[in-house]
Amino acid sequence: MPNCAKCKQDIEDNEIYFDCDSCKRPIHAQPYSDFTSCEIKCTQLKKRVLRFVCNDCNSGLLQIPSIIQTIQELKTEIDLLKAPTPTKSSDSNPVSILQVNEIISEMNECELRKKNVMVFGLPENQNNIQAEKKYGA
Ligand SMILES: [Zn+2]
Ligand SMILES: [Zn+2]
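Residues numbered from 1 in each chain as written. Chains lettered and ligands numbered in written order. Predicted model: local features only at pLDDT ≥ 70, side-chain atom pairs only at ≥ 80, totals over all residues. Heavy atoms only, no water.

1. Quick notes on a negative patch on the surface
Here's step 1: Residues Asp10, Glu12, Asp13 and Glu15 make up a contiguous surface patch of negative charge.
Here's step 2: By the secondary structure assignment, glutamate 15 is in the segment before β1 (17–19).
Here's step 3: Glutamate 15 gets classed as partly exposed once you look at its relative accessible area, which sits at 31%. (Patch = residues over 30% accessible without salt bridge, like charges linked within 9 Å, V, L, I, M, F, W, Y side chains within 5 Å. Areas by Shrake-Rupley, 256 points an atom, 1.4 Å probe, with all protein chains shown as cover. Salt bridge = Lys/Arg side-chain N within 4 Å of Asp/Glu carboxyl O. Lys, Arg positive; Asp, Glu negative; His and termini not counted. Charge placed at Lys NZ, Arg CZ, Asp CG, Glu CD. Helix = DSSP H or I, 4+ residues; strand = E, 2+ residues; numbered from the N terminus. Buried < 20%, exposed > 50% of the residue type's maximum accessible area, 1.4 Å probe, protein only.)

Written as structure tokens, this is what we have:
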């Protein structure tokens, strides 16, 4: 005889049991089901239509709606995590191009300033100044 999934005892010939319709484990009809004696008789029929789900499976079934809700919440969270990623990358590209342009224009300004400084430092400038002095005099 099989062992009862609940009390782990051998199920005797005179004891009524049925298999859980979910996990298929044999379980003593009494006291592990809420079935009436009439309903228990029905489960003993060859073609039984009464379904029996053990407490373990039943508590699992009761958790399914909350599990489904959790999955849906996770899906929305994943969608939110997925959504900003492409917009972020597309946003960052024009920004970086703008930054590069700014850097290039700044560099050009620096180059121009350098040239100005260098022009003033050249000896021909002194000539110009001297020339100006000459003209001024
Ligand atoms: Zn038992
Ligand atoms: Zn079960």
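2. Considerations on the coordination of the zinc ion (ligand 2)
Here's step 1: The coordination sphere of the zinc ion (ligand 2) contains the protein donors Cys20 (SG), Cys23 (SG), Cys54 (SG) and Cys57 (SG), at a distance range of 2.2 to 2.3 Å.
Here's step 2: Between the four donor atoms coordinating the zinc ion (ligand 2), the angles at the centre fall across 104 to 114°, so the site counts as tetrahedral.
Here's step 3: Along the chain, the residues donating to the zinc ion (ligand 2) are arranged with the sequence spacing C-x2-C-x30-C-x2-C. Placement of the pair is cysteine 23 in the loop between β1 and β2 (26–28) and cysteine 54 in the loop between α2 (37–43) and α3 (55–82), with a sequence separation of 31 residues.
Here's step 4: Owing to a relative accessible area of 29%, cysteine 23 belongs among the partly exposed residues under this scheme. (Donors = N, O, S within 2.8 Å, 3.2 Å for Na, K, Ca; no water. Tetrahedral: all angles 85-135°; square planar, octahedral: opposite > 155°, others 65-115°.)

3. Section: the packing of aromatic side chains
Here's step 1: Applying the stated criterion across every chain yields a total of three aromatic pairs.
Here's step 2: Summarising the aromatic geometry, the rings of phenylalanine 18 and phenylalanine 35 are spaced 5.4 Å apart at their centres and angled 55° between planes, so their arrangement reads as tilted. Linking phenylalanine 18 in strand β1 with phenylalanine 35 in the loop between α1 (29–32) and α2, this pair joins segments that are 17 residues apart in sequence.
Here's step 3: By relative accessible area, phenylalanine 35 is classed as buried at 16%.
Here's step 4: Aromatic side chains phenylalanine 18 and phenylalanine 52 sit 4.5 Å apart centroid to centroid with 55° between the ring planes, which places their arrangement in the tilted category. Of this pair, phenylalanine 18 sits in strand β1 while phenylalanine 52 sits in the loop between α2 and α3; the two residues are 34 residues apart in sequence, bridging distant segments of the chain. Here phenylalanine 18 and phenylalanine 52 have matching classes, each one buried.
Here's step 5: Ring-pair connections join several aromatic residues into one group, and the members of that group are Phe18, Phe35 and Phe52. (Phe/Tyr/Trp six-rings, centres within 6.5 Å; stacked < 30°, edge-to-face > 60°.)

4. So, the coordination of the zinc ion (ligand 1)
Here's step 1: On the protein side, the zinc ion (ligand 1) has Cys4 (SG), Cys7 (SG) and His28 (ND1) as donor atoms, found 1.9 to 2.3 Å from it.
Here's step 2: By relative accessible area, histidine 28 is classed as buried at 6%.

5. Brief notes about the pattern of salt bridges
Here's step 1: According to the stated counting rule, one finds three salt bridges in the structure shown.
Here's step 2: Measuring nitrogen to oxygen at the nearest pair gives 3.5 Å for the salt bridge that ties arginine 51 to aspartate 21. Residue arginine 51 is located in the loop between α2 and α3, and its partner aspartate 21 is located in the loop between β1 and β2; the two are separated by 30 residues in the primary sequence.
Here's step 3: The residue aspartate 56 makes a salt bridge to arginine 25 at a minimum N-O spacing of 3.0 Å. Residue aspartate 56 is located in helix α3, and its partner arginine 25 is located in the loop between β1 and β2; the two are separated by 31 residues in the primary sequence.
Here's step 4: Here the residues in one salt-bridge network are Lys6, Arg25 and Asp56, joined through shared partners.

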